[in-house]
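Here is how the chains run, residue by residue.
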Amino acid sequence: MSRSRQPPLVTGISPNEGIPWTKVTIRGENLGTGPTDLIGLTICGHNCLLTAEWMSPSKIVCRVGQAKNDKGDIIVTTKSGGKGTSTVSFKLLKPEKIGILDQSAVWVDEMNYYDMRTDRNKGIPPLSLRPSNPLGIEIEKSKFPQKDLEMLFPGMSADFTSENFSASWYLIENHSTTSFEQLKTAVTNLKRQASKKSEGSLAYVKGGLSTFFEAQDALSAIHQKLEADGTEKVEGSMTQKLENVLNRASNTADTLFQEVLGRKDKADSTRNALNVLQRFKFLFNLPLNIERNIQKGDYDVVINDYEKAKSLFGKTEVQVFKKYYAEVETRIEALRQLLLDKLLETPSTLHDQKRYIRYLSDLHAPGDPAWQCIGAQHRWILQLMHSCREGYVHGLQGTPGLHSPMIDLDNDVRPSVLGHLSQTASLTRGSSFQSSRDDTWRYKTPHRVAFVEKLTKLVLSQLPNFWKLWISYVNGSLFSESRPCEVTHVNQSSEMQPLASPQRSFGLCVQEGVKTAERSGQIERSKNVRHRQNDFKKMIQEVMHCLVKLVRGALLPLSISEGGARQHGGWEGKSELSGQWLAHVIQTMRLTYESLTALEIPNDMLQTIQDLILDLRVRCVMVTLQHTAEEIKRLAEKEDWIVDNEGLTSLPCQFEQCIVRSLQSLKGVLECKPGEASVFQQPKTQEEVCQLSIHIMQIFVHCLEQLSAKPDADVDTAHLSMDVSSPDLFGSIHEDISLTSEQRLLIVLSNCCYLERHTFLNIAEHFEKHNFQGIEKITQVSMASLKELDQRLFENYIELKADPIVGSLEPGIYAGYFDWKDCLPPTGVRNYLKEALVNIIAVHAEVFTISKELVPRVLSKVVEAVSEELSRLMQCVSSFSKNGALQARLEICALRDTVAVHLTSESKSSFKQALEALPQLSSGADKKLLEELLNKFKSSMHLQLTCFQAAAPPMMKT
C-alpha cells in the first residue's frame, strides 16, 4: 500500500516530564489528517491512543499512561503516513504513593495496598492500612528474633497504625543498620508529609483543579447528548423525568419513615441536652472553684478557667449562663484588686512583681498595672532613703530605739522599713562593704560615713530591680512567660545580648523596646512605653538627686540650699571629717557609680553623682591640706634639738615626711577614674589649693621662728650629737648642758639652709608629681618667707656675737691711758687684740660645733664688724707718733693676716681705710721691726690661730 504523505514527526511535547496520567500536548508535523487517521500513539513504550485527542495535523493532546521505561520517545502512527519518529523525549516520574485515607483528586488503584498485607495483620481492615515505608528511606530488615523484641517491648507494637506503637521497635526491626544521615533524611520526609496534611483539603482541590474541570466538561457533554437524543414528551426531557422519579421516591421514603425519624430526632435532642449540661458543668461550679484556687494561690488555674468561660459564655444570650458568668466576673474583679494590692505592696521581689503583672495582664485589668508597680517601687526607694537618714540623725541625737551612736552596718535591727533590706536584696561591692571588718572598725566609723555606706548599699540593693522592671516593661517580657527575666538589651531581633556597654542611650533603649512591642502586635503597649519614657527618666533622676542631696547634706552641707538643708541635712554640730574618711567616702561613691553604670543606666542620669564625687574630691584635698597645716603647727613641740653631723635636727625631715604622707593619702583622690574630671580643672580650686600649700610652708617657717625665739627656760634639756670623727670640736657643748639662745639660733639657721637647698625643692617635686597647679608660685613665696627668716635670725646672731667684740675694742685700745701721740716703741700685739681674737675663736668654736657650713658665713660678718670698728677708731685719731703709727700698723696687720681666710670685700676695704689713716713707714728698720713683731705674734699664738688656717669653703650668702 503506497503512502501519499510523509511519516509523522514529533518536535515538541509539553510538559516534557511528569507522573503517570499527566496531560501532555504533542506538537510536530504530519500528525494525521483527522481523528480517524490517527491509529497509534506511544509514550515511553506505553500505548496512549485511548486518551489521545487529535486537534490538528500539528497538535495532539493525550494523557501519559503507566510505562516501564523512565524515559522514552513519542511515536505517532497514522494511516496516511505510517509510523513516525521523534526528536524529543518524555521523562516519566515516579508518583508519590497515596494512603487509603489520604485525600486525592484522582482515582487511586488500591490493588497494591491489598497485595502488601502480611499474614500478621491480615485481619486489619483495608482503611487502616498505610504505606509500608512511612520514613521514605530504604528498609533494611534486621535479624532480631521476634520473640526477643516482644520481650524487650512488652505490650508494644511495631505497627505504626497501632495505639501501642513503639518507634524504637520499628527502628530496630526495619532500620537497625541505617546511618544517622539517612535517619535525618527520614525526619525531613516525615516533616514534609505532616506539612502536606496540614495544608487541608484546599490544597488537594487546587492540585486536582484540572480534573474537576474535566469532570464538569464531561457531565455537561453527557447532559447535552441526552437532551439531543431524548424524545420530547409531556414530562419533558429524560433528565426531567429522572428528577421527577427521584422526588417521588424521596417523598414516599419520608412518609414511610416519618414517625421513626421523629422519635430519632427527639432522642437526639434529649441526648444533646444532656451532653450540653455535662459539657458546661464547670460553669456552675466555677465561682466556688475560683474562690478555692485564690485561697490556694493557684492563680494560673483561675485565669485558664476564666479565659475558657469567657470564650464560651462571654456573649451568650442564655439567661442561666449569663447569671453564672456575671458571678464569675464579680469573682475575677475581686481577684484583680487582690493582685493589684499584692503588686503595689512593698517590699516585693522582682519575680513576684513580674508574676502579678502577668496575671493582671492575662485578666485584662484596667489601666497599666506594670506602670503602677514602677511608680510604687519608685516611691518605696525614696521612702527607704529618707528613712535611712532619719534613723541615723535620730541616732546622732540620742533618740531611744537606736542601739548605739555608731550604727552597725552589718546587723541593723531597727524596726523600720530598712529592716526588710536584709531579706530582699544583697550587694557585693568590694572591700569597703565586706563584713570582714571587726567590731572596732564599726564603732570607730564616723556616723556620717556609716550613713553614706548604708545609703549607697540601700540604693544598690533596690535600684537594679527597679531598672530591670523598667527594661522588662519596655521589651514586653512582663507580659509573657516565655521571655527571659534577666536584664537584656531590648533589641532582640537576632539574639539576647547581656548588659555590658554603658554607652547605650535611654532613648535608643526605649525605641528598640517599642519596635519589639510592635513586632509582637502590642501596639497599645508600645504607645504606653513612648508616653512613659520621660516619666521614668524623671524617676531615675529623682532617685539620683535624692541620693546626692542626702550625701551632700551629711558631708557638704554648704553646697545645698537652706530648704534642702532642712530636708536632707540635720547633721548640725558635727565636726569636719578627716581627709582619710572623706577618701573612704569617695571610694564608696565611686563603687556606687560603677555599679549603677554596670546596669546600663545612661550616663546623663548619673551626672549628678559624678558632680558629687568631684566636689567630695575637692573637699577632701582642702581638708587634708588644712589638717596637714594643723599637724605642722605641732611640729615645733616635737623638736628634740638633737643635731646630726650636718648640723641638722629631725625637724626638716619630719616636715617633709608630713607633706609626703598627706600627698600620698590624696593619691587615690587626685587620680581620675574613667569619666571623672581633674580636681584642679576649676581656677578657683587651683587658687585655693595653691594658697593652702603656701600657708603650710609659711606655717613651718613660723614654727622655726618660734623655736629660735623660745626662752631658755622653755627649752628642754637636750643632747647634741657631735661628730666624734672631727678633731676640731673646740668648745663643744657637753651632753648635760642645756642649749643657749645663740645655739638654738645656729640650729635653726642650719635647718633653714637645708630647707632652702633640699627640702623645699623636694616638696615642690612631690607637688608636681601629684599634678598640683601653681607650683612655681608656691616655691617662690615659700622661699621668700624662708630667706626672710634666715636673714633676720642671722642678723640677730651676728648682733649677739659681734657687738660684744666690737664694743671691747675701744676700751682695750685706750686702756692705761694709752696715747697714740706719746707711746713707747712697740714690743708686740697688745692684749685687747688678743682678747678680740680669742672671742672670735669662741664664736668659731660655737658655730663649728653646730654646723661647719655656717662658719664662713658667721665669721665673715664678725670680721666685717670688727674691721669696720677698727677702721673707725683709726680714722678718729688726730695724729700718730712714730711709735704709735708702728704700733697701730702692727695690730691692724696682725688682725688682718689672722682672719685673712674670712675677709670679704667690705672687711678688706675697712682694713685698707684703717691703714691709710696711719703715717707711712719711712725707714727700713721700722718695716723690719714690724715684720719681726708680726712673726713673733703668729708664733706665740699659733695654737689659737689654727682654726683660721683651714681652707675656706665656698662663700655662702650673707
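Within an unreviewed UniProt entry, the label attached to the protein reads Exocyst complex component 2, and the organism entered is Equus caballus. Taken verbatim from the UniProt record of the protein, the Sequence similarities (unreviewed entry) comment is "Belongs to the SEC5 family." Per UniProt, the protein carries the Function (unreviewed entry) text "Component of the exocyst complex involved in the docking of exocytic vesicles with fusion sites on the plasma membrane."

K.L.:
Just give me the short version of the overall build of the protein, but keep the residues and values in it.
P.N.:
Helix and strand counts for the protein come out as 30 helices and 11 strands. Per-residue burial over the protein gives 42% buried out of 958 residues. Of the roughly 52,100 Å² of accessible surface on the protein, 53% is carried by carbon and sulfur atoms.

K.L.:
Please provide a residue-by-residue account of the sheet that holds strand β6 (residues 53-56), values included.
P.N.:
Pairing within the open sheet is mixed, and its five strands lie in the order β6-β7-β3-β1-β10. In this open sheet, the two strands that pair with only one neighbour each are β6 and β10 (85-86). When strand β1 (residues 9-14) meets β10, the two strands line up parallel, connected through two bridges. Residue pairing for β10: L9 is matched across the bridge by T85.

K.L.:
I'd like to hear about the packing of helix α25 (residues 775-813) against helix α27 (residues 855-876), residue by residue, with values.
P.N.:
Each pair of packed helices gets described by two things: the angle between the helix axes and the distance between those axes. At a minimum axis distance of 9 Å, the contact between α25 and α27 shows a crossing angle of 35°. Relative to α27, α25 is oriented so that their crossing is right-handed. Within the contact between the two elements, α25 uses D790, Q791, F794, Y797, I798, A802, I805, V806, L809, E810 and I813 and α27 uses R857, V858, K861, V862, A865, V866, E869, L870, R872, L873 and M874. Considering only residue class, the contact of α25 with α27 consists of 15 nonpolar, one polar and six charged.

K.L.:
Give me the pattern of salt bridges: which residues, what numbers.
P.N.:
Pairing between side chains of opposite charge can happen when their charged atoms approach one another. A full pass over the atoms with the stated rule returns 20 salt bridges. In this structure, the salt-bridge partner of R331 is E327, at a minimum N-O distance of 2.3 Å. With a gap of four residues between them, R331 and E327 both fall in helix α10 (residues 319-344), about one helical turn apart. The partly exposed category is assigned to R331, whose relative accessible area is 22%. One salt bridge connects E687 with K777, and the closest N-O pair in it is separated by 3.4 Å. Residue E687 is found in helix α23 (residues 683-708), and its partner K777 is found in helix α25; the two are separated by 90 residues along the sequence.

K.L.:
Tell me about the pairing of β1, and name the residues and values.
P.N.:
By the bridge criterion, five bridges tie β1 to strand β3 (residues 23-29) in an arrangement that is antiparallel. Residue V10 lies in a different strand from β3, and its bridge partner there is G28.

K.L.:
Tell me what's going on with the confidence of the model for the protein, and back it up with residues and numbers.
P.N.:
When the pLDDT values of the protein are averaged, the result is 74; 77% of them are 70 or greater. When the criterion is pLDDT under 50, residues 513-521 qualifies, and its contacts beyond four places in sequence or with other chains add up to 19 contacts.

K.L.:
Provide a residue-level description of the environment of T946, including the pertinent values.
P.N.:
Along the chain, T946 falls in the segment after α30 (924-940). Taking relative accessible area as the criterion, T946 reaches 40% and is therefore assigned partly exposed. For T946 and I841, which are 105 residues apart along the polypeptide, the C-alpha to C-alpha distance reads 9.6 Å.

K.L.:
Summarise unusual backbone geometry; cite the residues concerned and give the values.
P.N.:
Only a minority of non-glycine residues have a phi that is not negative, and only a minority of peptide bonds are not trans. With an omega dihedral of -5°, the bond running from S14 to P15 counts as a cis peptide bond. With respect to the helices and strands, P15 occurs in the loop between β1 and β2 (17-18). Its identity as a non-glycine residue notwithstanding, N30 has a phi of 55°, on the positive side. You can see N30 is positioned in the loop between β3 and β4 (38-43).

K.L.:
Please provide a residue-by-residue account of the nonpolar core, values included.
P.N.:
Core analysis: the largest hydrophobic core is formed by 195 residues, its most contacted members being M385, L463, I609, F655 and M874. Per-element accounting of this core gives the leading share, 16 residues, to helix α15 (residues 447-475). Beyond its immediate sequence surroundings of up to four residues, I609 is in contact with M544, L547, V548, M589, Y593 and L596. With 18 residues, the next largest nonpolar core counts V24, C48, W54 and C62 among its residues.

K.L.:
Got a sec to walk through the state of the cysteines? Specific residues and values, please.
P.N.:
Per the stated rule, a full pass over the model turns up zero disulfides. We note that C48 lacks a disulfide partner, and the nearest cysteine sulfur, in C62, lies 5.1 Å from it. Take C48: its relative accessible area is 2%, and that puts it in the buried class.

K.L.:
So, a nonpolar patch on the surface: which residues are in play, and what are the values?
P.N.:
Together, L256, F257, V260 and L261 give the surface a local cluster of nonpolar side chains, amounting to about 400 Å² of exposed area. Its location among the elements puts L256 in helix α7 (residues 238-279). Classification of L256 by relative accessible area gives exposed; the value is 63%.

K.L.:
Describe the packing of aromatic side chains, naming the residues involved and giving the relevant values.
P.N.:
The final tally for this structure, using the stated rule, is eight aromatic pairs. Aromatic ring contacts, followed pair by pair, group F655, F700 and F760 into a single cluster. A cation over an aromatic ring shows up here: R830 above the ring of F818, its NZ or CZ 3.8 Å from the ring centre. Above the ring of F794, the side-chain terminus of R857 is found at 4.0 Å from the ring centroid.

K.L.:
If you had to explain the side chain of Q610 to someone new, which residues and values would you point to?
P.N.:
Inspection of the secondary structure puts Q610 in helix α20 (residues 607-633). Excluding residues within four positions of it along the chain, Q610 makes contact with Y593, P674, G675 and E676.

K.L.:
How would you sum up the environment of L635? Please name residues and give values.
P.N.:
As for its placement among the helices and strands, L635 is situated in the loop between α20 and α21 (651-665). Separated by 17 residues in sequence, L635 and P652 have C-alpha atoms that sit 9.7 Å apart. Setting aside anything within four residues of it in sequence, one finds L635 in contact with L651, Q654, F655 and F700.

What counts and what doesn't
Residues numbered from 1 in each chain as written. Predicted model: local features only at pLDDT ≥ 70, side-chain atom pairs only at ≥ 80, totals over all residues. Heavy atoms only, no water. UniProt positions renumbered as here; feature names shortened; annotations may be inferred. Helix = DSSP H or I, 4+ residues; strand = E, 2+ residues; numbered from the N terminus. Buried < 20%, exposed > 50% of the residue type's maximum accessible area, 1.4 Å probe, protein only. Areas by Shrake-Rupley, 256 points an atom, 1.4 Å probe, with all protein chains shown as cover. Pairing = 2+ DSSP bridges. Axes fitted to C-alpha atoms, helices over the stretch in contact; angles between N-to-C directions. Left-handed = near helix turned anticlockwise from the far one by under 90°. Contact = heavy atoms within 4.5 Å. Nonpolar A, V, L, I, M, F, W, Y, C, P; charged D, E, K, R; others polar. Salt bridge = Lys/Arg side-chain N within 4 Å of Asp/Glu carboxyl O. pLDDT = per-residue confidence, 0-100. Core = buried A, V, L, I, M, F, W, Y, C linked by side-chain atoms within 4.5 Å. Disulfide = S-S within 2.5 Å. Patch = residues over 30% accessible without salt bridge, like charges linked within 9 Å, V, L, I, M, F, W, Y side chains within 5 Å. Phe/Tyr/Trp six-rings, centres within 6.5 Å; stacked < 30°, edge-to-face > 60°. Lys NZ or Arg CZ within 6 Å of the ring centre and 35° of its normal.

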